[in-house]
Amino acid sequence: MIEEAFKKIFGASPEVVVRAPGRVNLIGEHTDYNDGFVLPAAIDRFIEFAGRRRSDRTIRIHSTDFQDSAEFSLDDNQKDSEHRWSNYLRGVSKFLESDGHQLTGAEIVFGGNVPRESGLSSSAAVEVAATTFWQRLMGLKLDPVYVVKLARRAENEFVGVPCGIMDQFISALGRKEHALFLDCRDLSYRHVPLRGDVKLVVCNSGVKRALAQSEYEVRLKQCNQAVAQLKSVGLAIRNLRDVDPEDLDTASDALSEILLRRARHVVTENARVLEAVKVLEEGDLERFGELMNASHESLRDDYEVSSKELDVLVELAWKQPGTLGARMTGAGFGGCTINLVRIDAADAFAEAVSRGYQEALGLKAEIYVCQASDGAMAA
Ligand code: GLA
């Protein structure tokens, strides 16, 4: 597909084709930037890059999704407010070069089927695919965790969107039929098999994440404020990752009502991830599903990042036979829910949830039945 598009636009075959997946997060939401734990899985929806070298320093890039082209020189690589879709590649290229990896000009076509602005990390997939593309085209030897950090840096420092490390990490290092358990403090990780007759069903509310960025920044600040206040009453912590649920009970007077709820989400969510990994490894999918449900309630009530649409989708899911667990996934304020559904119930689930959503809100949900897939750098 992407090769064909490349041939059409540049009249030749690409030298290199790479791809990076989007993701769902099974549990561990809004914990990554608190040095906590996450359990995402890469999905079988990808951003692909095809390209070949040029002998100069010019980049000519075409986006099949935006049906738009842009051109820039590596020697004058600035943020582009007209072709915003090109900024991920620009950022990645800039930081690779400033880290001492020399690039050449290139002709590039990219695009894919990760829905945009839906909480499935299409931007992380673009950043990771772009970095992997350069690695292959230039024959660079890059450590996978370096790739993850560089991709995140492009998002934070070049594109200017705050985010933790989860999305880039899973897009690079996901594994087929596995979730990835990541400790966002020391970046140690392990793959956990997703066994059993279950499907990862994603329901897209169709609502773009309007408030996502500003509210994300507010949550980030609130978590830092909570840490400062807990430290001021004597808790020896670096951030919310170091607080356990009992500490929070004892120190709760130190926090305003709102900061207590924000902190409580993060603290209880970290505990849920640890239990979720344990029960998943033991094959106890019922308990795993209960933890997903509890995660949703905590995001809705304590962290307040859900939305009416996401709550309706989750409540519909909870009522369906064969649903083990359902919750919002990603930053919130629109986007998608993730549902763990028994294989034999998946079709009826999709049908009932989309009908119910239409009836309740007059909106159309897109439903994707996904497989856990390999990341861009999977060995
Ligand atoms: C977005 C960010 C991630 C993470 C989630 C919430 O997807 O990019 O780093 O913080 O929100 O869990």
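This one's a predicted model, so the numbers in the text were calculated from it and none came from an experiment.

(A) Molecular detail of the overall build of the protein chain. The number of helices and strands found in the protein chain is eleven helices and eleven strands. If you line up the protein chain on its principal axes, its C-alpha atoms span 65 × 50 × 40 Å. Among the 379 residues that make up the protein chain, the fraction classed as buried is 58%. In the protein chain, of all internal contacts separated by at least 6 residues, the share reaching a separation of at least 24 is 71%. Surface accessibility of the protein chain: about 15,600 Å² in total, with carbon and sulfur atoms responsible for 45%. Of the charged side chains in the protein chain, 46 are positive and 58 negative, and the gap between their average positions amounts to 3 Å.

(B) Broad picture of the pairing of strand 3 (residues 58–63). Within strand 3, five of the six residues are buried, which leaves the element mostly enclosed by the surrounding structure. Sheet topology note: the strand 3/strand 4 (residues 68–73) ladder contains six bridges and is antiparallel. Looking across to strand 4, one finds that Thr58 is bridged to Ser73. Taking the residues between adjacent antiparallel strands as the criterion, strand 3 and strand 4 are bridged by four residues, where Gln67 takes a positive phi near 50°. When strand 3 meets strand 5 (residues 106–112), the two strands line up parallel, connected through five bridges. The residue bridging His62 from the neighbouring strand is Val109, located in strand 5.

(C) Structural view of the environment of Asp253. With respect to the element layout, Asp253 can be found in the loop between helix 7 (245–250) and helix 8 (257–282). Among the residues examined, Asp253 registers a relative accessible area of 76% and is labelled exposed. Residues Asp253 and Val233, 20 residues apart in the sequence, show an inter-C-alpha distance of 9.5 Å.

(D) Spatial organisation of helix 6 (residues 212–232). Helix length check: helix 6 (21 residues) gives 30 Å between terminal C-alpha atoms against 30 Å at 1.5 Å per residue, within 8%. Within helix 6, burial applies to Ala212, Tyr216, Arg219, Gln222, Cys223, Ala226, Val227 and Leu230. In an axial view of helix 6, the angular spread of the buried residues amounts to 140°, which keeps them on one side of the axis. Residues of helix 6 that are exposed and angled more than 90 degrees away from the buried face: Lys221 and Ser232. If you follow the buried residues of helix 6, they end up packed against helix 7 and helix 8. Remark: Gly234 follows helix 6 within two positions and exhibits a positive phi of approximately 100°.

(E) Molecular detail of the packing of aromatic side chains. A full pass over the atoms with the stated rule returns nine aromatic pairs. Every member of this aromatic cluster is reached through a ring pair, and the members are Phe49, Phe66, Trp85, Phe110, Phe133 and Trp134. Above the face of the Phe66 ring, Arg116 is positioned so that its terminal group lies 4.2 Å from the ring centre. When the ring centre of Tyr303 is taken as origin, the NZ or CZ atom of Arg219, which lies over that ring, is 5.9 Å away.

(F) Structural context of the packing of helix 6 against helix 8. Two elements in contact, helix 6 and helix 8, have axes separated by 9 Å at closest approach and are oriented at 100°. By the angle between their axes, helix 6 is roughly perpendicular relative to helix 8. Residues Arg219, Gln222, Cys223, Gln225, Ala226 and Gln229 of helix 6 touch helix 8, and the partners they reach there are Ile258, Leu259, Arg262, Ala263 and Val266. Considered class by class, the residues forming the contact of helix 6 with helix 8 number six nonpolar, three polar and two charged.

(G) Just the environment of Ala106, in detail. Looking at the secondary structure, you find Ala106 in strand 5. Considered as a pair, Ala106 and Ser73 are 33 residues apart in the sequence and their alpha carbons are 9.9 Å apart. Discounting residues that sit within four places of it in the chain, Ala106 has contacts with Arg52, Arg53, Arg54, Thr58, Ile59, Arg60, Trp134 and Leu137.

(H) Main features of the pattern of salt bridges. Under the criterion given, the structure shown has 32 salt bridges. For Arg153, the salt bridge is made with Asp99, and the minimal N-O distance between the two is 3.8 Å. Separated by 54 residues along the polypeptide, Arg153 in helix 4 (residues 144–159) and Asp99 in the loop between helix 2 (87–98) and strand 5 bring together distant segments of the chain. Using a relative accessible area of 36% as the deciding quantity, one classes Asp99 as partly exposed.

(I) The arrangement of unusual backbone geometry in detail. Of note, His30 is a non-glycine position whose phi angle comes to about 60°, a positive value. Position of His30 among the secondary structure elements: in the loop between strand 1 (16–27) and strand 2 (37–53). One non-glycine residue with positive phi stands out, namely Glu117, at about 50°. For Glu117, a relative accessible area of 48% gives the class partly exposed.

Parameters and conventions
- Residues numbered from 1 in each chain as written.
- Predicted model: local features only at pLDDT ≥ 70, side-chain atom pairs only at ≥ 80, totals over all residues.
- Heavy atoms only, no water.
- Helix = DSSP H or I, 4+ residues; strand = E, 2+ residues; numbered from the N terminus.
- Buried < 20%, exposed > 50% of the residue type's maximum accessible area, 1.4 Å probe, protein only.
- Contact = heavy atoms within 4.5 Å.
- Areas by Shrake-Rupley, 256 points an atom, 1.4 Å probe, with all protein chains shown as cover.
- Lys, Arg positive; Asp, Glu negative; His and termini not counted.
- Charge placed at Lys NZ, Arg CZ, Asp CG, Glu CD.
- Pairing = 2+ DSSP bridges.
- Expected span 1.5 Å × (residues − 1).
- Arc of directions from axis to C-beta.
- Phe/Tyr/Trp six-rings, centres within 6.5 Å; stacked < 30°, edge-to-face > 60°.
- Lys NZ or Arg CZ within 6 Å of the ring centre and 35° of its normal.
- Axes fitted to C-alpha atoms, helices over the stretch in contact; angles between N-to-C directions.
- Parallel < 35°, antiparallel > 145°, perpendicular 65-115°, else oblique.
- Nonpolar A, V, L, I, M, F, W, Y, C, P; charged D, E, K, R; others polar.
- Salt bridge = Lys/Arg side-chain N within 4 Å of Asp/Glu carboxyl O.

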